[in-house]
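Tertiary structure, described
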Amino acid sequence: MHVLVVEDDPAISGPLVTGLERNGIEATCVQFGSMVIDSLPGKDLVILDLGLPDEDGLDVLRAIRKISDVPVIVATARGDEMDRIIGLEIGADDYVVKPFSVRELSARVRAISRRRVVEAPISIGSIVFDRNRRSVEVSGKSIDLTAKEFDLLGVLLEEPGRVVPRQELYARVWDPVWVGTGKTLDVHVASVRKKLGDANLIETVRGVGYRIVQAT
Ligand code: CA
(Lines give C-alpha, C1' and ligand atoms only; values in the text may rest on other atoms or scores of the structure.)
Protein backbone atom coordinates (compact mmCIF):
# COMPACT_ATOMS: atom_id res chain seq x y z
CA MET A 1 0.00 0.00 0.00
CA HIS A 2 1.04 3.59 -0.64
CA VAL A 3 0.40 6.40 1.85
CA LEU A 4 0.44 10.14 1.17
CA VAL A 5 1.89 12.04 4.12
CA VAL A 6 0.89 15.71 4.18
CA GLU A 7 3.20 17.37 6.69
CA ASP A 8 5.28 20.54 6.55
CA ASP A 9 7.62 19.72 9.41
CA PRO A 10 10.50 17.54 8.18
CA ALA A 11 11.30 16.59 11.78
CA ILE A 12 7.95 14.78 11.80
CA SER A 13 7.62 13.63 8.19
CA GLY A 14 11.16 12.22 7.96
CA PRO A 15 10.88 9.65 10.75
CA LEU A 16 7.27 8.99 9.78
CA VAL A 17 8.09 8.09 6.18
CA THR A 18 11.04 5.97 7.32
CA GLY A 19 8.92 4.24 9.95
CA LEU A 20 6.07 3.48 7.55
CA GLU A 21 8.51 2.07 5.02
CA ARG A 22 10.05 -0.10 7.70
CA ASN A 23 6.56 -1.50 8.21
CA GLY A 24 6.28 -2.33 4.53
CA ILE A 25 4.15 0.72 3.73
CA GLU A 26 5.24 2.91 0.84
CA ALA A 27 5.05 6.61 1.69
CA THR A 28 5.25 9.88 -0.23
CA CYS A 29 5.41 13.24 1.53
CA VAL A 30 4.12 16.64 0.41
CA GLN A 31 4.49 19.83 2.44
CA PHE A 32 1.64 21.96 1.16
CA GLY A 33 -2.11 21.57 1.14
CA SER A 34 -2.18 22.83 -2.43
CA MET A 35 -0.22 19.75 -3.55
CA VAL A 36 -2.58 17.18 -2.08
CA ILE A 37 -5.20 16.79 -4.80
CA ASP A 38 -2.60 16.32 -7.54
CA SER A 39 -0.79 13.78 -5.38
CA LEU A 40 -3.85 11.65 -4.56
CA PRO A 41 -3.91 9.27 -7.55
CA GLY A 42 -2.50 5.89 -6.61
CA LYS A 43 -2.57 6.53 -2.86
CA ASP A 44 -4.40 4.14 -0.57
CA LEU A 45 -4.48 6.37 2.49
CA VAL A 46 -3.68 9.96 3.52
CA ILE A 47 -2.09 11.13 6.77
CA LEU A 48 -3.03 14.80 6.94
CA ASP A 49 -1.47 17.37 9.26
CA LEU A 50 -4.14 19.98 9.98
CA GLY A 51 -1.59 22.75 10.62
CA LEU A 52 -0.25 23.43 7.12
CA PRO A 53 1.57 26.57 5.97
CA ASP A 54 -0.66 27.44 3.02
CA GLU A 55 -4.15 26.07 3.63
CA ASP A 56 -6.33 25.04 6.54
CA GLY A 57 -6.00 21.28 6.84
CA LEU A 58 -9.76 20.94 7.29
CA ASP A 59 -10.28 22.68 3.92
CA VAL A 60 -7.84 20.23 2.39
CA LEU A 61 -9.87 17.38 3.90
CA ARG A 62 -13.08 18.83 2.43
CA ALA A 63 -11.42 19.07 -0.97
CA ILE A 64 -10.28 15.44 -0.74
CA ARG A 65 -13.80 14.31 0.20
CA LYS A 66 -15.30 16.05 -2.84
CA ILE A 67 -13.40 13.76 -5.16
CA SER A 68 -12.37 10.69 -3.16
CA ASP A 69 -13.27 8.41 -0.29
CA VAL A 70 -9.64 7.46 0.30
CA PRO A 71 -9.10 6.82 4.04
CA VAL A 72 -7.72 9.88 5.84
CA ILE A 73 -6.03 10.02 9.25
CA VAL A 74 -5.75 13.60 10.55
CA ALA A 75 -2.86 14.64 12.78
CA THR A 76 -3.58 17.41 15.23
CA ALA A 77 -1.60 19.24 17.88
CA ARG A 78 -2.42 18.33 21.45
CA GLY A 79 -5.45 20.25 22.66
CA ASP A 80 -7.01 20.89 19.26
CA GLU A 81 -10.07 18.92 20.18
CA MET A 82 -12.39 20.95 17.97
CA ASP A 83 -10.23 20.26 14.91
CA ARG A 84 -10.39 16.60 15.71
CA ILE A 85 -14.15 16.55 16.05
CA ILE A 86 -14.71 18.59 12.90
CA GLY A 87 -12.20 16.43 11.08
CA LEU A 88 -14.11 13.28 11.92
CA GLU A 89 -17.39 14.99 11.02
CA ILE A 90 -16.21 15.97 7.57
CA GLY A 91 -14.97 12.53 6.81
CA ALA A 92 -11.65 11.72 8.45
CA ASP A 93 -11.43 8.02 9.33
CA ASP A 94 -9.23 8.42 12.39
CA TYR A 95 -6.97 10.92 14.10
CA VAL A 96 -3.67 10.99 15.91
CA VAL A 97 -2.50 13.61 18.39
CA LYS A 98 1.05 14.92 18.09
CA PRO A 99 3.50 13.78 19.18
CA PHE A 100 2.46 10.33 17.99
CA SER A 101 4.49 7.17 17.81
CA VAL A 102 5.23 5.91 14.33
CA ARG A 103 4.54 2.39 15.47
CA GLU A 104 1.07 3.27 16.67
CA LEU A 105 0.32 5.20 13.51
CA SER A 106 1.53 2.32 11.33
CA ALA A 107 -0.79 0.00 13.22
CA ARG A 108 -3.71 2.37 12.61
CA VAL A 109 -2.86 2.66 8.93
CA ARG A 110 -3.05 -1.11 8.67
CA ALA A 111 -6.25 -1.31 10.70
CA ILE A 112 -7.97 1.23 8.46
CA SER A 113 -6.77 -0.36 5.26
CA ARG A 114 -8.09 -3.70 6.51
CA ARG A 115 -11.46 -2.19 7.38
CA ARG A 116 -11.77 -0.45 4.05
CA VAL A 117 -10.74 -3.17 1.71
CA VAL A 118 -13.53 -5.42 0.56
CA GLU A 119 -11.52 -8.50 0.90
CA ALA A 120 -12.33 -10.95 -1.78
CA PRO A 121 -10.86 -14.38 -1.16
CA ILE A 122 -7.40 -14.78 -2.66
CA SER A 123 -6.93 -17.76 -4.98
CA ILE A 124 -3.51 -19.05 -5.81
CA GLY A 125 -3.24 -22.41 -7.46
CA SER A 126 -5.48 -24.79 -5.54
CA ILE A 127 -5.51 -22.53 -2.45
CA VAL A 128 -8.32 -20.18 -1.50
CA PHE A 129 -7.53 -17.78 1.35
CA ASP A 130 -10.53 -15.95 2.82
CA ARG A 131 -9.59 -13.28 5.35
CA ASN A 132 -13.16 -12.41 6.24
CA ARG A 133 -14.07 -15.97 7.16
CA ARG A 134 -10.54 -16.69 8.40
CA SER A 135 -10.58 -19.84 6.34
CA VAL A 136 -8.13 -21.53 4.02
CA GLU A 137 -9.11 -24.20 1.54
CA VAL A 138 -6.89 -26.43 -0.52
CA SER A 139 -8.62 -28.02 -3.50
CA GLY A 140 -11.96 -27.25 -1.86
CA LYS A 141 -11.01 -28.83 1.46
CA SER A 142 -10.80 -26.65 4.53
CA ILE A 143 -7.51 -26.79 6.45
CA ASP A 144 -6.81 -25.70 10.00
CA LEU A 145 -4.15 -23.07 10.54
CA THR A 146 -3.31 -21.57 13.91
CA ALA A 147 -3.93 -17.83 14.29
CA LYS A 148 -0.25 -17.02 13.75
CA GLU A 149 0.01 -19.31 10.75
CA PHE A 150 -3.06 -17.70 9.25
CA ASP A 151 -1.72 -14.17 9.81
CA LEU A 152 1.65 -15.15 8.41
CA LEU A 153 0.14 -16.57 5.24
CA GLY A 154 -2.09 -13.48 4.99
CA VAL A 155 0.86 -11.08 5.07
CA LEU A 156 2.69 -13.10 2.41
CA LEU A 157 -0.39 -13.28 0.18
CA GLU A 158 -0.95 -9.52 0.25
CA GLU A 159 1.65 -9.07 -2.44
CA PRO A 160 2.55 -12.32 -4.18
CA GLY A 161 6.07 -12.16 -5.53
CA ARG A 162 7.31 -9.59 -3.02
CA VAL A 163 10.00 -10.85 -0.70
CA VAL A 164 8.69 -10.02 2.76
CA PRO A 165 11.67 -9.45 5.06
CA ARG A 166 11.91 -11.55 8.21
CA GLN A 167 11.82 -8.43 10.41
CA GLU A 168 8.57 -7.31 8.79
CA LEU A 169 6.99 -10.72 9.32
CA TYR A 170 8.04 -10.71 12.95
CA ALA A 171 6.77 -7.15 13.39
CA ARG A 172 3.39 -7.79 11.79
CA VAL A 173 2.59 -11.31 12.90
CA TRP A 174 4.21 -11.36 16.32
CA ASP A 175 5.32 -8.17 17.99
CA PRO A 176 6.57 -4.82 16.69
CA VAL A 177 9.60 -4.98 18.96
CA TRP A 178 10.41 -8.63 18.40
CA VAL A 179 14.11 -9.19 17.97
CA GLY A 180 13.77 -11.81 15.29
CA THR A 181 16.75 -14.03 15.81
CA GLY A 182 15.03 -17.28 16.70
CA LYS A 183 13.53 -20.01 14.59
CA THR A 184 9.90 -19.22 15.38
CA LEU A 185 9.23 -17.81 11.93
CA ASP A 186 10.83 -20.73 10.12
CA VAL A 187 8.96 -23.25 12.25
CA HIS A 188 5.66 -21.55 11.38
CA VAL A 189 6.49 -21.39 7.67
CA ALA A 190 7.37 -25.08 7.72
CA SER A 191 4.06 -25.87 9.39
CA VAL A 192 2.07 -23.79 6.88
CA ARG A 193 3.83 -25.53 3.99
CA LYS A 194 3.01 -28.91 5.45
CA LYS A 195 -0.64 -28.08 6.04
CA LEU A 196 -1.01 -26.63 2.56
CA GLY A 197 0.57 -29.78 1.15
CA ASP A 198 2.67 -27.58 -1.11
CA ALA A 199 6.31 -26.94 -0.28
CA ASN A 200 6.83 -24.64 -3.26
CA LEU A 201 4.21 -21.95 -2.70
CA ILE A 202 6.27 -20.16 -0.06
CA GLU A 203 9.81 -19.64 -1.25
CA THR A 204 12.67 -19.10 1.18
CA VAL A 205 14.89 -16.20 0.18
CA ARG A 206 17.91 -17.03 2.22
CA GLY A 207 19.02 -14.37 4.64
CA VAL A 208 16.16 -12.06 3.62
CA GLY A 209 12.71 -13.49 4.10
CA TYR A 210 9.93 -15.32 2.34
CA ARG A 211 7.73 -14.82 -0.68
CA ILE A 212 4.77 -16.37 -2.40
CA VAL A 213 5.60 -17.91 -5.74
CA GLN A 214 2.74 -17.61 -8.14
CA ALA A 215 2.06 -20.73 -10.11
CA THR A 216 2.65 -20.20 -13.79
CA1 CA B 1 2.33 21.52 10.62
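Before reading further, recall that the structure is shown in the block above.
About the thresholds
- Residues numbered from 1 in each chain as written.
- Predicted model: local features only at pLDDT ≥ 70, side-chain atom pairs only at ≥ 80, totals over all residues.
- Heavy atoms only, no water.
- Helix = DSSP H or I, 4+ residues; strand = E, 2+ residues; numbered from the N terminus.
- Contact = heavy atoms within 4.5 Å.
- Buried < 20%, exposed > 50% of the residue type's maximum accessible area, 1.4 Å probe, protein only.
- Pairing = 2+ DSSP bridges.
- Axes fitted to C-alpha atoms, helices over the stretch in contact; angles between N-to-C directions.
- Donors = N, O, S within 2.8 Å, 3.2 Å for Na, K, Ca; no water.
- Core = buried A, V, L, I, M, F, W, Y, C linked by side-chain atoms within 4.5 Å.
- Salt bridge = Lys/Arg side-chain N within 4 Å of Asp/Glu carboxyl O.

With respect to the element layout, Pro53 can be found in the loop between strand S3 (45–49) and helix H3 (57–67). Each C-alpha atom of the pair Pro53 and Asn132 lies 42 Å from the other, and the pair is 79 residues apart in sequence. What Pro53 contacts, discounting residues up to four positions off in sequence, is Asp8, Gln31 and Phe32.

Here the focus is the environment of Gly79. Mapped onto the elements, Gly79 comes out in the loop between strand S4 (72–77) and helix H4 (81–89). Relative accessible area serves as the criterion here: at 61%, Gly79 is assigned to the exposed category.

Bringing the sheet that holds strand S5 (residues 94–98) into the picture now. Read from one edge of the open sheet, 5 strands run S2-S1-S3-S4-S5, paired in parallel fashion. Sheet topology places strand S2 (26–30) and S5 at the edges, where each strand pairs with a single neighbour. In this sheet, neighbouring strand axes are inclined to one another by 20° on average, regardless of whether the strands run parallel or antiparallel. With 5 bridges joining them, S4 and S5 adopt parallel strand pairing. Bridging across to S5, Ala77 finds its partner in Lys98. Taken strand by strand, H4 contacts S4 and S5, and its axis lies near 160° from that of S5.

Every protein donor of the calcium ion is listed here as Asp8 (OD), Asp49 (OD) and Gly51 (O), and their distances to the metal cover 2.2 to 2.3 Å. In this structure Asp49 comes out as buried when scored by relative accessible area, which is 5%.

Relative to strand S8 (residues 135–138), strand S7 (residues 127–130) runs antiparallel, the two sharing 4 bridges. Note that in S8 the partner of Val128 across the bridge is Glu137. What sits between the antiparallel neighbours S7 and S8 is a turn of 4 residues, in which Arg134 has the positive phi angle 50°. Where S8 and strand S9 (residues 141–143) come together, 3 bridges link them in antiparallel fashion. Note that in S9 the partner of Val136 across the bridge is Ile143. In sequence, S8 turns back onto S9 through a hairpin of 2 residues, with Ser139 there showing a positive phi of about 50°.

With that out of the way, let us pick up the nonpolar core. Residues Val136, Leu153, Leu196 and Ile202 are the most contacted members of the largest nonpolar core, which totals 26 residues. Contributing elements (two or more residues each) for this core: S7, S8, helix H6 (147–158), helix H7 (166–174), helix H8 (184–196) and strand S12 (209–212). The element that contributes the greatest number of residues to this core is H6, accounting for 6 residues. Ignoring anything within four residues of it in the chain, the contact list for Ile202 reads Leu153, Leu156, Val189, Val192, Arg193, Tyr210, Arg211 and Ile212. Counting residues in each nonpolar core, the second largest holds 17 residues, with Leu4, Leu40, Leu50 and Val72 among its members.

Tallied over the entire structure, the rule returns 15 salt bridges. In this structure, Asp49 engages Lys98 in a salt bridge whose closest nitrogen and oxygen atoms are separated by 3.0 Å. Here Asp49 is found in strand S3, whereas its partner Lys98 is found in strand S5, with 49 residues between them in sequence. Across this residue pair, the class does not change: Asp49 and Lys98 are buried. Two residues, Arg162 and Glu168, come together in a salt bridge whose shortest N-O distance is 2.9 Å. Three or more residues are tied together by salt bridges with common partners; here these are Glu158, Glu159, Arg162, Glu168 and Arg172.

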